[in-house]
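Architecture and fold: a report
Residue-level listing of the chains:
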Amino acid sequence: MLEARPVITPTAAHFKFRSLSEEEKKTEAVHMERIPYANVVGSLMYAMVGSRPDLAFVVGFISRFMSSPGREHWSAVKWVLRYLKGAYTQNLIFKKDSKFCIEGFSDSDYATDLDRRRSVTGYVFKVGGNTISWKSSLQSVVALSTTEAEYMALTEAVKEAIWLKGLCSELGFKQDNVMVHCDSQSALALAKNSVHHERTEHIDTKFTQQSIRQIS
Amino acid sequence: MCGTYLQLEKSGCKYEGKDFIVTFYKDGQKVISGKYQDGLYYLEGKVVKGEVAVARPDIDMTSLWHSRLGHMSLKNMNVLVEEGYLSGKEVDKLEFCESCVLGKSHKQSFPTAKHTTKGILDYIHSDLSGSPSTPESLGGCRYFVSFIDDFSKKVWVYFLKTKDEAYHKFREWKQAVENQTGKKIKYLRTDNGLEFYNTQFDNLCKEDGIKRHRTCTYTPQQNGVSERMNKTIMDIVRSMLAETGMSQEFWAEATSTAVYLINRTPNSFIGFKLPEEVWTGTKPDLSHLRRFGCSAYVHVTQDKTSPRAVKGVFMGYPCGIKGYRVWLPKEGKCTTSRNVVFNETELYKDTLSSADERKEEAEKEYKKLKKARKRVSFSHDLLRGPSTSCCDLDDSSSQGGETSSSSSESSENLEESEMNEEVVGSENEQSLDDYLLARDMKRRSNIRPPSRFEDEDFVAYALATAEDLEEEEPKSYEEALKSSKRKQWENAMKEEMDSHKKSHTWDLIEKPEKQKLIGCKWIFKLKPGIPGVEKQRYKARLVAKGFSQQEGIDYNEVFSLVVKHVSIRLMLSLMVNMDYELEQMDVKTAFLHGNLEERILMSQPEGFIQEGNENKVCLLRKSLYGLKQSPRLWNQRFDAFMKDQKFERSCYDPCVYMRDTQTDKAIYLLLYVDDMLIASGNMAIIQELKNKLNCEFEMKDLGRLQEFWVWIS
């Protein structure tokens, strides 16, 4: 991998994998015998947890196949390594910002898990202009629409926002409100006004609504 | 008038005569008229001279003919003129014809390159030949890489299983020739093949200052010397294989022989000298050459009644050995021998036709062996050797010490010795799988020290391990006592015991009945010092055998808290935004500070059992390393200390402590088991806290935060 050609994205659109079927597992096992899949994913995970929010999504993606990886999954892992080859000089920068405030960004990837149709929650938080908190995880509930997926991601982000707000105020930096960005108008509408709708009745929207009132 | 009249009438005019005037009409129109005078009609009319500009397409006859003749070249048209097919007037000078350019454009022909090399190894041409579809050679190779010295035109060939081996072969060859000649390679001409253009190869050339010449893409002509040589080689190989009727698997054999012969063939580039001659400076001898693929009878020493020779096929000249290589189809083996009788009138294919059965048998044998070889070669993937062509350069130790030495001793000069003579000489058999791979190169896996060294090896091993043992830490108390550093270890243990006494880690009490005892153990550690500055330190530590503790009886909580990563990064963000100082500290022997709540009994440490109190046991008051609850106890102890210092514990992250928030004196502390980060805008406050920590616990000040992730990992 030392001589690999760098790529500019941690993953690529053509990496859309399912878990292996029982039959594939048998055939792929032969090829994957000597491939340190788990080791590489583990190392990437360590980097991600410590200082690389850019890997969060892809680490979640490749670790879904940890139990029985195939060659195609390995190619995605190698892609990440190629990305890192080009991006290893990039790192988190802590610098002074004009205002010390909390800012969050939430997003979701709808039904990205091809096996169980689950969506991915993602958020990044910046405090004082510096990225300090990030997450990318599969949602435990299957979202039936992008609105739902976004809404759940927003909920996760709001939870983190509440925590950060509390910690900051405890540390003596009281925040009046926390800004959380969301790119889905429908999710925002749902969060602001709980129209009891047939399509969203299975989601309890109370938490986010209350907390949105609370933190803003 | 008469003549005029005739002419006019011929041109279709009619005339009328009237009143002494004659008028000519053509198509009813008056053309000319004449008056009668003196018996003659005088036509009235004048010839007006003038120039007329005619606009008609001016076709250059040359280009017309050029076009008619299918864009014939001017040269050929001139021939036609000379032969009288065309008139000279029509062929003159050919204008520029665009269609010709469009239609006949071709690549520029290459001038013969001129290299003004002044000595051997000044300029090397190299190329890789073969393809994945090439039949596998006996050694399993599909490619060969050739190196040509421009000055002498001597060729070396190495056979490869995969292209990436080219680098190793080049290195090997480079070292060999440079060592042999004492000269350095100066230029290397290759194509753009990736086998020559990878970082590894580039680095090698850069390091050794070899200048690279490469070709334009898809212009193999620029690597002409190599390409032409490949053709020459393959021509010879094809001819030899066709002549002998041998199967394609023998291509590598034939190639190495071909190269051997090419190096002994006059070359026009060097004034019809032999490359070998230019290379070495001495004239090579050709008298030992034999016909490739002819029948060869190898002398064998079997029992007295069986034949004294085995029939085989002559395969070439092994490298570095004065002998011949003969393939024994019956055994499927290759052998190198100098006791060979040749029948150059009989070729391999003749023997086949005479005995078809034998051929089948041999093929069967061959296939069997090939299978076996595949198995073998798999495990020795990297042990391939170069082929025979590099005869005089590679030393050959592959054949085993005995053989090569005896062959060189018994016959200094092969050519002089009589071939038919049956001398007890070198007889060397290799199985097919080693063949070609191992002929010239050291097979590392096969290298064994001569038997005289075998014993020494054991001694060396024993000495080495003994030395290691010296350096190693003892695994137990007994080992420490037996070790040569007994004194140091004893001192270390004493130190540890003293510190326990000082901190009042346990009380000696009578052993109550029915309570379980926990064992303890000494751990020894050698801390490497800094040479010249600090000596090695011998450390001993007493640990409890915590694994025998039972949950619920001996311990309840075990977990020690660690700070969240987000909190750390938040602190970093605070630091830059508020211009805080961030200092790092860690606690020495943190776990020894915990105050034990549970009643735990431990046996007395080995070697320090108090006399007269042999039956007593230790009632632990403080935590020891190895106890399950040690981390937890340490955390409790630290938490208590921080509360004493009026610090507040965050309820969002229990590892974050703070004091005097929202004032100038704000100070924060993050805890990660026994490591901590202290942040504050006021350095004096940090120092104050540090001092207090130092009084309470033994601390190590690591100064300003530097390697952050080392800290938490």
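Residues numbered from 1 in each chain as written. Chains lettered and ligands numbered in written order. Predicted model: local features only at pLDDT ≥ 70, side-chain atom pairs only at ≥ 80, totals over all residues. Heavy atoms only, no water.

1. Digging into the sheet that holds strand 21 (residues 616–620) of chain B
Residues and elements named next belong to chain B. Read from one edge of the open sheet, three strands run 16-21-20, paired in antiparallel fashion. The sheet is open, and its two borders are formed by strand 16 (506–510) and strand 20 (601–602), each paired with just one other strand. Taken together, the five bridges between strand 16 and strand 21 define a ladder with antiparallel strand orientation. Residue pairing for strand 21: Trp506 is matched across the bridge by Leu620. (Pairing = 2+ DSSP bridges. Helix = DSSP H or I, 4+ residues; strand = E, 2+ residues; numbered from the N terminus.)

2. Description of helix 18 (residues 683–696) of chain B
All names here are of chain B. With 14 residues, helix 18 should cover 20 Å at 1.5 Å per step; its first-to-last C-alpha distance of 20 Å lies within 8% of that length. For helix 18, the full list of buried residues reads Ile685, Ile686, Leu689, Lys690 and Leu693. Buried positions in helix 18, seen along its axis, are confined to an arc of 140° and lie on one side of it. Residues Ala684 and Cys695 are exposed on helix 18 and point more than 90 degrees away from its buried face. If you follow the buried residues of helix 18, they end up packed against strand 19 (581–587), helix 17 (630–644), strand 23 (656–659), strand 24 (667–672), strand 25 (675–680) and strand 26 (699–704). One side-chain oxygen of the residue at the start of helix 18 lies 3.0 Å from the amide nitrogen of Ala684, identifying that residue as Asn682. (Expected span 1.5 Å × (residues − 1). Buried < 20%, exposed > 50% of the residue type's maximum accessible area, 1.4 Å probe, protein only. Arc of directions from axis to C-beta. Contact = heavy atoms within 4.5 Å. Polar contact = N/O pair within 3.5 Å; in protein donor to acceptor, adjacent residues only side chain to side chain.)

3. Considerations on the interface of chain A and chain B
At the interface, 29 residues of chain A touch 28 residues of chain B. Contact between chain A and chain B buries roughly 2400 Å² in total, counting both sides, with carbon and sulfur atoms accounting for 64%. Among the residues chain A hides against chain B, the three largest losses belong to A:Trp163, A:Glu170 and A:Leu171. Together they make up 29% of the total. Along the contact surface separating chain A from chain B lie one salt bridge. Across the pair A:Lys96 and B:Asp579 runs a salt bridge whose closest N-O atoms are separated by 2.8 Å. (Buried area = accessible area lost by both parts, 1.4 Å probe. Salt bridge = Lys/Arg side-chain N within 4 Å of Asp/Glu carboxyl O.)

4. Structural notes on the pairing of strand 10 (residues 294–299) of chain B
All names here are of chain B. Most of strand 10 sits inside the fold, with five of its six residues counted as buried. In terms of strand pairing, strand 10 meets strand 14 (residues 340–347) through five bridges, oriented antiparallel. Paired with Val298 across the two strands is Val340, which belongs to strand 14. Examined bridge by bridge, strand 10 and strand 11 (residues 309–316) share five bridges and lie antiparallel to one another. Note that in strand 11 the partner of His299 across the bridge is Ala309.

5. Re the pattern of salt bridges
Residues and elements named next belong to chain B. Within the structure shown, the criterion is met by 32 salt bridges over all chains. The shortest N-O distance in the salt bridge between Glu136 and Arg142 comes to 3.2 Å. Classification of Glu136 by relative accessible area gives buried; the value is 18%. The salt bridge partner of Asp639 is Arg649, with a shortest N-O separation of 2.9 Å. Of this pair, Asp639 sits in helix 17 while Arg649 sits in strand 22 (residues 648–649); the two residues are 10 residues apart in sequence, bridging distant segments of the chain. Residue class for Asp639 comes out buried when judged on its relative accessible area of 11%. For Arg649, a relative accessible area of 24% translates into the label partly exposed. One continuous salt-bridge network, built from bridges that share partners, spans Lys174, Glu178, Lys184 and Asp208.

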